[in-house]
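# Reading the structure
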Amino acid sequence: MSAPAASENEVTGIIGESVLLSCDLKSSTAIDTARLRFHWQDESERVVYSFNKGEENQHQDSLYTNRTKAFRSEMSSGNISIKLSQVTLEDKQNVYRAFATLLGENDKHIRTCPTTLLVAARFPTPSVTVNKTNMNATCSTQGGYPQPVVTWTIQDRGNHTLEPWEVQTNITPDSESGLYSVWSQVNITENQTVTCHIFNPVLRETVSNTTIVSPSDVQEGFTAINITAIIITIVIIAVLSLFSIGGYFVNKKRCGASGGTIEVEGNNHQRNGHVETELLDRCSPTPDNLEAD
């Protein structure tokens, strides 16, 4: 049984998911697991997982209880890798190492497979909204880790990335989860295509969202106000017209019942030295001897 190179590896674990801490003893012959003893520990020397001649986790630290799993069917071929589940922020930058011993004649002790665990959480696709009054675009997302890099690209007559001084960005960690929230804003003009990019430096991945600022978008708020005003005006005119027509037909029905016609008379009144005229509706009876032309 020979030890692999002691170079340090890096693996990335997603918060809440599982990650593989890989290690192979590279034995040229089959290993009797009844003679195999190995354990993993972190840089604080807490036991992450232990295997002692068939018994598991006799000395495991409580921090890792119910979080580890080995591959017993593959141990005879030298595979002493373990799966660490429910990755947390507390696991970040931890260096894990495996220590193995094959008991018997000429016992061999191996300290091997140093592995640094990087921790990350994916940012959801950001939302991009346009404020048509202030002429700016806002990008927001939350729940990612570590702190991302935010950039904006503008496409109008060309395609260019905005300088940091052209962008207002606020990135804050949640006080409980430690995950980051992102808020970023840029000024815009008509006929532009703007894209917000959120880059995760650990996962080496970018999530983006794009919106198009068209003239109709800019005028939409004012158009809605104008249409509303026009509708209200039409309704008021229609209601007033109905009242006027209704009054006319009421008088016509009243006079028609007596067989007369509607006349308007003026009564003059003298009030405070002035002559005022009062217009009164009168129903004039139709003469009995009126003949049609």
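In the block above lies the structure referred to throughout.
These lines cover the structure that appears in this document, whether it is placed above or below. The shown structure was predicted, so the numbers you read here are calculated from the model rather than taken from an experiment. (Residues numbered from 1 in each chain as written. Predicted model: local features only at pLDDT ≥ 70, side-chain atom pairs only at ≥ 80, totals over all residues. Heavy atoms only, no water.)

## Focus on the sheet that holds strand β7 (residues 82–84)
- On the basis of which strands lie adjacent, the open sheet formed by three strands has the order β2-β7-β6 and antiparallel pairing. Of all the strands in the sheet, just β2 (19–21) and β6 (68–70) have a single pairing partner and so form its edges. For this sheet the average axis-to-axis angle between neighbouring strands, irrespective of direction, equals 25 degrees.
- In the sheet, β6 pairs with β7 via three bridges, with the strands oriented antiparallel. For A70, the partnering residue across the bridge sits in β7 and is I82. (Pairing = 2+ DSSP bridges. Helix = DSSP H or I, 4+ residues; strand = E, 2+ residues; numbered from the N terminus. Axes fitted to C-alpha atoms, helices over the stretch in contact; angles between N-to-C directions.)

## A look at the side chain of H197
- Among the structural elements, H197 can be located in strand β16 (residues 192–200).
- Side-chain polar atoms of H197 contact the side chain of T153, separated by 3.1 Å.
- Within the structure, the side chain of H197 is placed 2.8 Å from the side chain of S208, a separation counted as a polar contact.
- Apart from the residues within four sequence positions on either side, H197 is in contact with V149, V150, T151, W152, T153, T206, V207 and S208. (Polar contact = N/O pair within 3.5 Å; in protein donor to acceptor, adjacent residues only side chain to side chain. Contact = heavy atoms within 4.5 Å.)

## Quick notes on the pairing of strand β15 (residues 180–187)
- As paired elements, strand β11 (residues 136–144) and β15 share eight bridges and run antiparallel to each other. Note that in β15 the partner of N136 across the bridge is N187.
- Where strand β14 (residues 168–173) meets β15, six bridges bridge the pair, whose relative direction is antiparallel. Across the sheet, P173 pairs through a bridge with Y180, a residue of β15.

## A word on unusual backbone geometry
- Between Y145 and the following residue, P146, the backbone shows a cis peptide bond with an omega angle of 0 degrees.
- Secondary-structure assignment places P146 in the loop between β11 and β12 (149–155).
- Backbone geometry places K53, a non-glycine residue, at a positive phi of 50 degrees.
- Along the chain, the position of K53 falls in the loop between β4 (47–52) and β5 (55–56).
- Judged by its relative accessible area of 47%, K53 is partly exposed. (Buried < 20%, exposed > 50% of the residue type's maximum accessible area, 1.4 Å probe, protein only.)

## Considerations on the nonpolar core
- Membership of the largest hydrophobic core comes to 49 residues, with the highest contact counts inside it found for L36, F38, W40, I80, Y96, W152 and I198.
- Among the elements that line this core, the one with the most residues is strand β8 (residues 94–102), at four residues. (Core = buried A, V, L, I, M, F, W, Y, C linked by side-chain atoms within 4.5 Å.)

## Overview of the sheet that holds strand β13 (residues 159–161)
- Spatial strand order, β13-β12-β16-β17: four strands in an open sheet with antiparallel pairing. Each end of this open sheet is capped by a strand with a single partner; those strands are β13 and β17 (205–213). Taking the axes of each pair of neighbouring strands and ignoring which way they run, one obtains an average angle of 20 degrees across the sheet.
- Of the strand pairs in this sheet, β12 and β13 are connected by three bridges, and their pairing is antiparallel. When the bridges of β13 are listed, I154 appears paired with H160.

## Quick notes on the packing of aromatic side chains
- Counted according to the given criterion, the structure contains four aromatic pairs.
- Their ring planes at 25 degrees and their centres at 5.6 Å tell us that F38 and F51 sit as a pair that is stacked. With a gap of 13 residues between them, F38 in strand β3 (residues 36–41) and F51 in strand β4 connect regions that are remote in the sequence. Comparing F38 with F51, the two get one shared label, buried.
- Through pairs of rings, three or more aromatic residues link up here, namely F38, Y49 and F51. (Phe/Tyr/Trp six-rings, centres within 6.5 Å; stacked < 30°, edge-to-face > 60°.)

## Focus: the environment of F123
- One can find F123 in the loop between β9 (108–120) and β10 (127–131).
- The exposure class of F123 is buried, given its relative accessible area of 6%.
- As for F123 and G143, which are separated by 20 residues in sequence, their C-alpha atoms are 5.9 Å apart.

## Topic: the pattern of salt bridges
- Per the stated rule, a full pass over the model turns up four salt bridges.
- When the shortest N-O distance is used, the salt bridge between R46 and D42 registers 2.9 Å.
- For D42, a relative accessible area of 2% translates into the label buried.
- As a salt-bridge pair, E205 and R122 come within 3.4 Å of each other at their nearest N and O atoms. (Salt bridge = Lys/Arg side-chain N within 4 Å of Asp/Glu carboxyl O.)

## Some details on the pairing of β16
- Counting buried positions along β16 gives eight out of nine residues, so the element sits mostly inside the fold.
- As paired strands, β12 and β16 are joined by seven bridges and run antiparallel to one another. When the bridges of β16 are listed, V150 appears paired with I198.
- Hairpin remark: β16 followed by β17, antiparallel, with four residues in the connecting loop; positive phi at R204, about 55 degrees.

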